[in-house]
Amino acid sequence: MNLLELYPEELETFFLKLGEPKYRAGQIFLRIHKHLSSIDKIYELPKKIRNYIIEKQLITEIQMIQHEKVSNINLNDFGTQKFVFEYKHEKSSLSRIFEAVWIVSEKRKTACISSQSGCSLNCTFCATAKLPFMGNLATWQILQQVYKMILYNKNYQEKLTNVVFMGMGEPFYNYDNVIRAAKILNHPMGLNIGVRHITISTAGVITGIQRLIQENQPFNLAISLNSPFEEERTKLMDITKKFPLTDLLKICKEYIIHFKKKITFEYVLIPDINMSKRHILELVKIAKQLKYCKFNLIPLNTNFNNWRAPTELEVLNFQKKLRENDILVFYRGSPGKTINAACGMLALQKVHSNIIS
Ligand code: SAH
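Residues numbered from 1 in each chain as written. Predicted model: local features only at pLDDT ≥ 70, side-chain atom pairs only at ≥ 80, totals over all residues. Heavy atoms only, no water.

Engineer: It is not clear to me how the nonpolar core should be interpreted in this structure. Could you clarify?
Structural biologist: Soluble globular proteins: nonpolar side chains tend toward being buried together. In terms of nonpolar packing, the biggest core is built from 121 residues, with Ile-28, Phe-125 and Phe-265 touching the most fellow members. When residues of this core are assigned to domains, at least three map to each of domain 1 (3-55) and domain 2 (63-339). Discounting chain neighbours no more than four positions away, the residues touching Phe-265 are Ile-223, Leu-225, Leu-249, Cys-252, Leu-290, Cys-293, Lys-294, Phe-295 and Asn-296. (Core = buried A, V, L, I, M, F, W, Y, C linked by side-chain atoms within 4.5 Å. Buried < 20%, exposed > 50% of the residue type's maximum accessible area, 1.4 Å probe, protein only. Domains from an automatic or database assignment. Contact = heavy atoms within 4.5 Å.)

Spelled out as structure tokens, the structure:
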């Protein structure tokens, strides 16, 4: 058990079992999730309770093992930072390494976090897919990525505005831990990040979207679409075999109707693969069917399979053609590219050899 993972009402039970008053729960939740204090600094708690928590290791921590920041600051990138974190279990050989990115733009400060160490999916364009899958992250490990990045940047005045589950892994293959972390990030006694500022991105795990709807979890949903054609999408993202595109689009419609919220489609632009007129026409068709959606264009960042990244002009042309059809479409550049922190680049480049061995 890790106390970082418990909702206030669960912490109440914990303290009652220790013979402590219920109000301790609120005290500790506020201090660990809003003020980001370490347990030895929570002086409201009696020393014996603090010592008990420390001795029993009821709050453990991930370690930052690397940090890099882009040096070339420009209009799209106000100083993206990449963090590599590790958790090593003291007694077993269990170890998890994972990355998170701190993205700063003019209006936003976004924590892009991982839900898994490595990824079990096989998307052909993504560097994370080339890593071995090393397991799901626990709720506390997900939360601590955000907290450690805030603490590292604590001299900056502006607040964190957004959290996106767009780091390593497939969030819906770790549904319970991801949703619990998202709810704690959203909690009024924690960082209180609005549900409209927390985005979960999926390669198309339909069962995860179904659960969001059934459980009425109103977090933003992003889908990595990458091709509007079943067969072509299967070649890029073999998860399409398990969750067909037609079914995925059906559940997207349900999500939109249920939450009355737009879905974001991420679209990695790969010249000669998914950028033709045919693709544009089909994307327009999908957008018109769903009505309430938008597109985020991401130029290909790492070049596999002899593919190349699109030029700026090609990206802008693609965007223009969608816009001419009244489609809501954004292109925000690729912050963090020079430090391997942009979309699809999280592959533990500097620790890679150690992991493979
Ligand atoms: N598994 C989830 C969360 C990862 S989000 C998902 O697929 O949505 C990572 C985003 O980066 C996805 O939208 C993916 O399509 C995009 N991406 C992956 N490889 C990329 C690359 N080489 N260049 C640009 N974007 C890439």
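Once the structure has been displayed, the description carries forward.
Engineer: Honestly, the packing of helix H10 (residues 277-290) against helix H11 (residues 312-324) in this entry has me stumped. Any pointers?
Structural biologist: Packed helix pairs are characterised by how far apart their axes lie and by the angle those axes make with each other. Their axes nearest at 10 Å, the elements H10 and H11 cross at an angle of 40 degrees. For the element pair H10 / H11, the angle class is oblique. For the element pair H10 and H11, the recorded crossing hand is right-handed. Mapping the contact onto sequence places Ile-280, Leu-283 and Val-284 in H10 and Phe-318, Lys-321 and Leu-322 in H11. The residue inventory of the contact of H10 with H11, partitioned by class, reads 5 nonpolar, no polar and 1 charged. (Axes fitted to C-alpha atoms, helices over the stretch in contact; angles between N-to-C directions. Helix = DSSP H or I, 4+ residues; strand = E, 2+ residues; numbered from the N terminus. Parallel < 35°, antiparallel > 145°, perpendicular 65-115°, else oblique. Left-handed = near helix turned anticlockwise from the far one by under 90°. Nonpolar A, V, L, I, M, F, W, Y, C, P; charged D, E, K, R; others polar.)

Engineer: I tried to follow unusual backbone geometry on my own but got confused; where do I start?
Structural biologist: For residues that are not glycine, phi is negative in most cases, and the peptide bond is trans in most cases. Despite not being glycine, Lys-291 has its phi angle at roughly 70 degrees, a positive value. Summarising the element assignment, Lys-291 is placed in the loop between H10 and strand S11 (293-299).

Engineer: Help me out: how do you make sense of the site of the ligand in this one?
Structural biologist: Close to the ligand lie 21 residues, the nearest being Phe-125, Gly-169, Ser-201, Ser-224 and Asn-301. Within the side chain of Ser-201, a nitrogen or oxygen atom sits 2.6 Å from an oxygen atom of the ligand. Asn-301 has a polar backbone atom sitting 2.8 Å from a nitrogen atom of the ligand. In the complex, 95% of the free accessible area of the ligand, which totals 540 Å², lies under the protein chains. Only strand S8 (198-202), strand S10 (263-269) and S11 provide two or more residues apiece to the shell around the ligand. Classifying every residue of the shell around the ligand gives 10 nonpolar, 9 polar and 2 charged. (Near = heavy atom within 4 Å. Polar contact = N/O pair within 3.5 Å; in protein donor to acceptor, adjacent residues only side chain to side chain. Areas by Shrake-Rupley, 256 points an atom, 1.4 Å probe, with all protein chains shown as cover.)

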